[in-house]
Amino acid sequence: MNQRLDEKAFKKIENMDITGGTPLIVKKLSNFLQDDLNHLDQIRQKNRLSVFNILSVDKNNFNKINELLSTVISAPNLNGMEECIMAVLSEKGRERVNKIRTLFSDSRTEYCPTCFREITDNEKEELVQTISQVLDISKKDAEDNLVNQLKSLILNEENPINKESELALLFPKEVTAYNEVIDTYNAMITEYSKAILNKIDNPYVVPRVSEYNEQEIYSTINSTGRAIQDAVENYNNIFKDEQLIKEDADFLNLNIAKFNNRNLFDQFEQATLEHHILKQKLDEVQLPLEKIEKKISNIKLQLAGQKIALDQINTRLAHVFMDRERLTLVEGDNCYRIQSRGEFIATSQLSVGERNAISICYFFSRINANIQASKAFKRSIFVVLDDPISSFDFENKIGILSLIREELEKILLGDPDSKVLVMTHDAEMFRHVAKIYDDIEERRNLLSKSEGTSIQKIISHHYQLSSGKLTSIGTKYFNDYAQQLKVVYDYASSDATKSNVGDEGVEEDYQRDDVYIGNVMRRVIEAFSTFCYQRSTSAIFNDIDIMNQIPAEHRNFIRTFMYRLVLNSESHSVENIMSRPDSNSIDFISHTELIKTAKLLIVFMNDLNSLHLKKLINGFDVRVVKSWAEIVV
């Protein structure tokens, strides 16, 4: 018996015990093996038959059928012509009566088709009317109910066995007996179906049906079907012997293989012993080598970790600048070297914004230092970002904000206990961070719905530090131009004579609102000049056409006084602090001067577009604003 010599088969042969075997015994085993193989060939020339299924219960309810067929609908009490019509209806059926009505409804009918006498229109009309009345009378509820039940009956025939099938060829006697009773059963079904149709057409009579013993017929179907089932089962029993013969043949084959190759198995056993001895010696030699390789592996892991961190930083830098060549870090001797567009540069050549970009990218790369990639962000983290977009131009601010958005999502969605604190002096940055938190919460909500996860809701809090106190505020305070305009107007309307008492009891010329009002005024004039005149804050005071729209006596003074808003850069960067320590000049002027600035800003805007202020400022009083203009005069 041919068998593929894989490792499993080899082990079976190797484990066979052939002690006491002789060539004569092997020859006898070979004869037994050949007998088994011949028997298997005979079995494999046949196919296993599918199980023959029969239903033990008849699907057709003949008791119900006979009951409906024997039900007689009583004809109504009629007389004269109505009785004659009802007699035809009972004998010939509704279809026949309908044909008669159709015939006499035809204006072309002049003679009776039965007696051939001439018939008048009045006679035809009377006959048609009487037929209609009889048909209407016959359609009573009992008849409708019976007809509906008859129409709902479904009779199912049984399928005979195909005479050309393998089953019919193997068991012709059993199949013939089964098919004969099936034919009888189906003939009965056909007769009952016709009787049902006749009964539907004429419910007043009981149709004739041959007498059948339906239960006995179906019992014969079951008995002949079981005879086929038994024949199939007996036929399939030969395939149960196949596995026993195969096992016997395998055993004989393994014995013969072991005896014929006994010398080779002895050699294999000796070679296996020698291999084991050599492997022990090799293991003893390789032990020092393993220690060295382990040390090398640890060094490579450290280098790989550094390389991974470097790749992460460069990926984030490309994200910020939207350019892979703009700024990259290259591994040096225990350090990182900086390349700008392929050229190495010194750190002193970097701008403050570029240094901050490298710092924040390095910071985010270190959050998961010495943490497996699969466990990154899966622990609680507290991250503090202090003015992360200071000293950036507009384009790079977008890159930094995009990076912050991506990293904060990983942190906040990675672990529900993680927290992020962002501090800024810039209202624009405040709005952007608030939007980032909203975006991450929206992302969390979508993930929860699509993936069925239960990530906790991302909750953000917004505070303003004013006069050494944190105050909870909403993002709308910084987002709404109309709100900001109202803040400036209310500030200008406040009492400039009120002062604040300091720690040593000395009155100081400032109020807590002075801390942020400069920023608000800059935002207002910037929005007003941009959206109303398509001019920058500085350009609006230098545009002749715009300045000619305000009274001549206001022009020079307002342009000179309000230019302090233009000079302020809103930057707290190191470079600006070192070069211009008073660059935020408006933030250091007195409370009185700040109110004066706010009033002149409202006066300037009122001179250009008084209706604009009336529509946006609730409670706007133009008379009060005109009184503020006296400062100019």
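Higher on the page you've got the structure.
Residues numbered from 1 in each chain as written. Predicted model: local features only at pLDDT ≥ 70, side-chain atom pairs only at ≥ 80, totals over all residues. Heavy atoms only, no water.

Helix and strand content of the protein: 23 helices and nine strands. For the protein, the proportion of its 633 residues judged to be buried stands at 36%. Here the contacts in the protein between residues at least 6 apart in sequence split such that 70% fall between residues at least 24 apart. In the form shown here, the protein has an accessible surface area of approximately 39,600 Å², with 50% of it arising from carbon and sulfur atoms. (Helix = DSSP H or I, 4+ residues; strand = E, 2+ residues; numbered from the N terminus. Buried < 20%, exposed > 50% of the residue type's maximum accessible area, 1.4 Å probe, protein only. Contact = heavy atoms within 4.5 Å. Areas by Shrake-Rupley, 256 points an atom, 1.4 Å probe, with all protein chains shown as cover.)

Moving on to the pairing of strand β2 (residues 336–340). Bridge count for strand β1 (residues 328–331) against β2 is four bridges, and the pairing is antiparallel. Residue pairing across strands places threonine 328 opposite glutamine 339, the latter belonging to β2. In the sheet, β2 pairs with strand β3 (residues 343–345) via three bridges, with the strands oriented antiparallel. Across the sheet, residue serine 340 finds its bridge partner in β3, namely glutamate 343. If you look at the hairpin formed by β2 and β3, you'll find two residues sitting between the two strands, and arginine 341 has a positive phi there, around 55°. (Pairing = 2+ DSSP bridges.)

With that settled, the discussion passes to the packing of aromatic side chains. Counted under the stated rule, the structure contains ten aromatic pairs. Relative to tyrosine 533, the ring of phenylalanine 528 lies with its centre 5.8 Å away and its plane at 70°, an arrangement referred to as edge-to-face. Overall, the relative accessible area of 24% leaves tyrosine 533 in the partly exposed class. One aromatic cluster is present, built from ring pairs that chain together Phe62, Tyr185, Tyr192, Tyr212 and Tyr218. (Phe/Tyr/Trp six-rings, centres within 6.5 Å; stacked < 30°, edge-to-face > 60°.)

Another aspect to go through is unusual backbone geometry. Note on backbone geometry: most residues besides glycine have negative phi, and most peptide bonds are trans. In the Ramachandran plot, methionine 322 falls in the positive-phi region, its phi being about 55° despite a non-glycine side chain. On the secondary structure map, methionine 322 appears in the loop between α11 (262–321) and β1. Residues other than glycine seldom take positive phi values, yet aspartate 387 does so here, at roughly 50°. Structurally, aspartate 387 can be placed in the loop between β4 (382–386) and α13 (394–414).

Our focus in this paragraph is the environment of lysine 596. Tracing the sequence through the fold places lysine 596 in helix α22 (residues 591–616). For lysine 596, a relative accessible area of 24% translates into the label partly exposed. Measuring from C-alpha to C-alpha, the distance between lysine 596 and phenylalanine 561 comes to 9.8 Å, with 35 residues separating the pair along the chain. With residues up to four places along the chain from it excluded, the contact list for lysine 596 reads Phe557, Phe561 and Ile631.

Here we take up helix α3 (residues 62–70). For α3, the full list of buried residues reads Phe62, Ile65, Leu68 and Leu69. Down the axis of α3, the buried side of the element spans an arc of 125°, and every buried residue falls inside it. (Arc of directions from axis to C-beta.)

Strand-to-strand pairing in sheets goes through backbone hydrogen bonds, with the strands running parallel or antiparallel. Spatially, three strands are ordered β1-β2-β3 in an open sheet, and the strand pairing comes out antiparallel. For this open sheet the edge positions go to β1 and β3, each flanked by a neighbour on one side alone. Sheet twist, expressed as the average angle between the axes of neighbouring strands with direction ignored, equals 50°. (Axes fitted to C-alpha atoms, helices over the stretch in contact; angles between N-to-C directions.)

Counting 38 residues, the largest nonpolar core has Val488, Leu601, Ile602, Phe604 and Met605 as the members making the most contacts within it. Broken down by element, this core gets its largest block of residues, eleven residues, from α22. Not counting chain neighbours up to four residues away, the residues in contact with valine 488 comprise Ile517, Val520, Met521, Val524, Ala598, Leu601 and Ile602. In this structure, Leu350, Ile367, Ile400 and Ile440 belong to the second largest nonpolar core, which totals 37 residues. (Core = buried A, V, L, I, M, F, W, Y, C linked by side-chain atoms within 4.5 Å.)

Turning our attention to the packing of helix α17 (residues 514–533) against α22. Close contact between α17 and α22 brings their axes to 11 Å; oriented N to C, the two are set at 20°. Considered as vectors, α17 and α22 are oriented roughly parallel to each other. Note on packing geometry: the crossing formed by α17 with α22 is left-handed. Here Asp514, Ile517, Met521, Val524, Ile525, Phe528, Cys532 and Tyr533 of α17 come into contact with α22, specifically with His591, Leu594, Thr597, Ala598, Leu601, Phe604, Met605, Leu608 and His612. Of the residues in the contact of α17 with α22, the class split is 13 nonpolar, three polar and one charged. (Parallel < 35°, antiparallel > 145°, perpendicular 65-115°, else oblique. Left-handed = near helix turned anticlockwise from the far one by under 90°. Nonpolar A, V, L, I, M, F, W, Y, C, P; charged D, E, K, R; others polar.)

Another aspect to go through is the side chain of serine 365. Here serine 365 shows up in helix α12 (residues 352–366). Leaving out residues up to four positions away in the same chain, serine 365 has contacts with Ala309, Gln312, Ile313 and Arg316.

This brings us to the environment of alanine 227. Relative to the elements of secondary structure, alanine 227 occurs in helix α10 (residues 214–260). In this structure alanine 227 comes out as partly exposed when scored by relative accessible area, which is 32%. Between the C-alpha atoms of alanine 227 and lysine 173, which are 54 residues apart in sequence, the distance is 9.9 Å.

All right, on to the pattern of salt bridges then. Scanning all chains against the criterion turns up twelve salt bridges. One salt bridge in this structure joins aspartate 439 and lysine 435, with 2.6 Å as the shortest N-O distance. Placement of both aspartate 439 and lysine 435 in helix α14 (residues 427–451) is noted, with a separation of four residues, approximately one turn of the helix. Look at the salt bridges and you will find they share partners, linking Arg316, Glu406, Glu407 and Lys410 into a network. (Salt bridge = Lys/Arg side-chain N within 4 Å of Asp/Glu carboxyl O.)

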